[in-house]
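Structural features, examined
Residues per chain, in single letters:
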Amino acid sequence: MQKNILITGGAGFIGSHLVRHMLQSYPDYHIINMDLLTYAGNLENLKDVEDKPNYTFVKADICDAAAVQAIFEKYQIDSVIHLAAESHVDRSISNPLEFVTTNVIGTVTLLNVAKSQWKGRDDVRFYHVSTDEVYGSVYDGEFFLETTPYDPQSPYSASKASSDHFVRAYGNTYKLPFVISNCSNNYGSFQFPEKLIPLFISNIVNEKPLPVYGQGINVRDWLWVVDHARAIDVIFHKGKNGETYNIGGKNEWRNIDLIRVMCRIMDQKLNRPEGSAEKLITYVTDRAGHDLRYAIDPTKLENELGWEPSLQFEEGLEKTIDWYLANQAWVSRVQSGDYQKYYAAQYGERLGS
Ligand code: NAD
Ligand code: TYD
């Protein structure tokens, strides 16, 4: 069976891992990667697979209906796996409208084209890759289920919740076949160094302060990005239309505990005296509206579709640190451009510099 799959946001962190995974796993599929190459998108992330005969890259904006339609027509798209988004909570706090534009209007633009191009076909699928942050924050001992009511608390999660609602509304109103997954925090190679793990690795290397928001007691549930890509593959192929699947590795960490583990590993890898990296920890003003705890219950995905994570966190974290240490040139390249301006605006006042 030949499938022509449009993956949006394939030059980003999770998207590039998904594109690689799909190209390697399904040589019969044609993977069309559509990405605007914003600050977060980088074709270098796909250098190792870009020559595959079943891979096509198109630079385009998901908000540009004409461009999306041209791609659907030219490549006879029969499935969409939609990841393109603005993805960083801190940026959503400074610029919420950009998140509405990309995450909401962009998603609805894609849905409109899919609806008109597919005209009631049931052998097609629109897969929206979403986040567990749509559920808001949970107390200790509670977990996000697929039935947990939406309660987004940041402009980022509100925009993702909105796009999830639009996908479901198109399924209900226009019978567009869809599936949605909501995943916990990802970590791994090629993550833009503005998110906690790669930012702190980079700062430790450069002996810069590690800006811990608030008291560092917020809890996140971490999953290796390759296991997310594997889960998307399973849901794409075996998930039921109209269903939602939560993805997570039952791997909760308080930020400060995770940061201390990273500090210990980094001291060893960099041959620095024990405790060097921890000295860089600097408690700074908390993120506005900072969600206290995210925790996924992935039972439905495990029981119904047979997915489970392949890697233990400690091993994944070490692999990730090794990757960043071996790819400092990549880090420098993605941190050029506007990154320094972003960093100064985000952390300058907090760090008193
Ligand atoms: P990312 O920021 O690394 O990548 C986003 C990609 O989208 C970039 O390549 C960017 O160039 C592209 N893009 C942005 N605006 C675009 C536009 N208008 N048109 C076309 N392309 C555009 O994000 P990520 O961390 O890889 O996340 C991917 C998806 O997964 C997002 O939808 C995010 O909400 C979701 N998600 C992320 C996480 C996580 O921990 N990172 C967890 C759960 C879900
Ligand atoms: P992040 O990687 O931005 O992911 P998300 O906000 O989507 O969960 O942040 C992970 C956690 O780390 C979150 O609780 C905020 C915290 N954090 C810091 O303490 N300092 C930082 O500089 C960053 C970027 C995040």
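One can find the structure itself at the top, above this paragraph.
Residues numbered from 1 in each chain as written. Chains lettered and ligands numbered in written order. Predicted model: local features only at pLDDT ≥ 70, side-chain atom pairs only at ≥ 80, totals over all residues. Heavy atoms only, no water.

Thoughts on the site of ligand 2
Neighbouring residues of ligand 2: 20 residues in total, closest Glu133, Arg220, Arg287, His290 and Tyr347. Arg287 is positioned such that a nitrogen or oxygen atom in its side chain is 2.5 Å from an oxygen atom of ligand 2. Considering ligand 2 on its own, with 500 Å² of exposed area, one finds that the protein chains cover 97% of that surface. Listed by contribution, the elements that provide at least two residues to the shell around ligand 2 are α3 (89–94), α6 (196–205) and β8 (210–213). (Near = heavy atom within 4 Å. Polar contact = N/O pair within 3.5 Å; in protein donor to acceptor, adjacent residues only side chain to side chain. Areas by Shrake-Rupley, 256 points an atom, 1.4 Å probe, with all protein chains shown as cover. Helix = DSSP H or I, 4+ residues; strand = E, 2+ residues; numbered from the N terminus.)

Concerning the packing of aromatic side chains
This structure, assessed with the given rule, holds 20 aromatic pairs. Taken together, a centroid distance of 6.3 Å and an interplanar angle of 40° make the contact between Phe144 and Tyr294 tilted. Here Phe144, found in the loop between β5 (125–131) and α5 (155–174), pairs with Tyr294, found in the loop between β12 (281–284) and α9 (299–305); they are 150 residues apart in sequence, far enough to count as distant. Of the two residues examined, Phe144 and Tyr294, each falls in the buried class. Centroid distance Trp253 to Phe313: 5.3 Å. Interplanar angle 45°. Geometry classified as tilted. Of this pair, Trp253 sits in strand β11 (residues 252–254) while Phe313 sits in helix α10 (residues 313–326); the two residues are 60 residues apart in sequence, bridging distant segments of the chain. Both residues of the pair, Trp253 and Phe313, belong to the buried class. (Phe/Tyr/Trp six-rings, centres within 6.5 Å; stacked < 30°, edge-to-face > 60°. Buried < 20%, exposed > 50% of the residue type's maximum accessible area, 1.4 Å probe, protein only.)

Considering the site of ligand 1
Close to ligand 1 lie 28 residues, the nearest being Ile14, Asp35, Ser87, Tyr156 and Lys160. With respect to ligand 1, the side chain of Asp35 contributes an N or O atom lying 2.5 Å from an oxygen atom. For ligand 1, whose free accessible area comes to 830 Å², the fraction covered by protein is 96%.

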